[in-house]
Amino acid sequence: MSDVTKSAVEALSAKMNGSFDGSAKFVIENEGSIVIDESGVREGNDETDVTMTADADTFQSILEGDLDPTAAFMSGKLAVDGDMGTAMKLGSVLS
């Protein structure tokens with residue numbers, strides 16, 4: 001586990017209050033993947049309802065609340081593949 005994914009798992013775990021209805025994967029370019037589902041947050045590469053891909057700086061900005069996930073998507077900094085409804089639910093958790 002890279003330092004980036006390790007700190008991201010910790011930060012996402014702190015933001016999540018209870019289980020997540022659905023499954024999502026964050027792919028942090030050149031670092032690794034994080035899965036969020038009913039079991040919690042962990043590093044992994046499981047199949048999920050939605051996959052979101054961003055570079056480490058963009059992902060960090062989203063986690064810190066400096067960048068809205070929707071704005072990141074609209075500006076092309078965050079790619080979303082899969083169920084957009086699940087992505088929006090996760091985005092509201094991260095905001």
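Rules used throughout
Residues numbered from 1 in each chain as written. Predicted model: local features only at pLDDT ≥ 70, side-chain atom pairs only at ≥ 80, totals over all residues. Heavy atoms only, no water. Helix = DSSP H or I, 4+ residues; strand = E, 2+ residues; numbered from the N terminus. Rg over C-alpha atoms; globule rule 2.2 N^0.38 Å. Contact = heavy atoms within 4.5 Å. Areas by Shrake-Rupley, 256 points an atom, 1.4 Å probe, with all protein chains shown as cover. Expected span 1.5 Å × (residues − 1). Buried < 20%, exposed > 50% of the residue type's maximum accessible area, 1.4 Å probe, protein only. 1 Å grid on protein atoms, 1.4 Å probe; cavity = no way out; pocket = protein on both sides within 12 Å on 5 of 7 lines; lining within 4 Å. Points joined across faces, edges and corners; volume = space filled by probe spheres on them. Nonpolar A, V, L, I, M, F, W, Y, C, P; charged D, E, K, R; others polar.

Trainee: Looking at this model, I keep getting lost on the overall build of the protein. Mind explaining?
Mentor: Looking only at helices and strands, the protein features 4 helices and 5 strands. Going from the N terminus to the C terminus, the protein shows its helices and strands as α-β-β-β-β-α-α-β-α. The C-alpha atoms of the protein give a radius of gyration of 12 Å, which matches the 12 Å a tight globule of 95 residues would have. Residue pairs in contact within the protein that sit at least 24 positions apart in sequence constitute 61% of those at least 6 positions apart. Carbon and sulfur atoms form 46% of the exposed surface of the protein, whose accessible area is close to 5,100 Å².

Trainee: Hey, could you run me through helix α1 (residues 3-15) in this one?
Mentor: What sets the pattern is the α-helix's 3.6 residues per turn: residues three or four places apart point alike. Counted at 1.5 Å a residue, the expected span for α1 with its 13 residues is 18 Å, and the 18 Å between its end C-alpha atoms agrees. Contacts made by the buried residues of α1 are with β1 (24-28), β2 (32-37), β3 (40-43), α2 (56-63) and α4 (84-94).

Trainee: What exactly am I supposed to notice about unusual backbone geometry here?
Mentor: Negative phi characterises most residues that are not glycine, and trans characterises most peptide bonds. Positive phi outside glycine occurs at Asn30, with the angle close to 65°. Mapped onto the elements of the fold, Asn30 is located in the loop between β1 and β2. Here Asn30 falls in the exposed class, since its relative accessible area comes to 81%.

Trainee: Teacher, can you tell me more about the layout of surface pockets here?
Mentor: The gaps left among the atoms become clear once a water-sized probe is rolled over them. Taken as a whole, the largest pocket spans an internal volume of roughly 190 Å³. Surrounding the largest pocket, 17 residues form its lining, Pro69, Thr70, Ala87, Met88 and Gly91 being those nearest its centre. Among the elements of the structure, α3 (69-74) and α4 are those that each provide at least two residues to the lining of the largest pocket. Considering each element in turn, the lining of the largest pocket owes the most residues, 7 residues, to α4. The residue makeup of the lining of the largest pocket, split by class, is 12 nonpolar, 4 polar and 1 charged.

Just distances and angles here, no functional claims.
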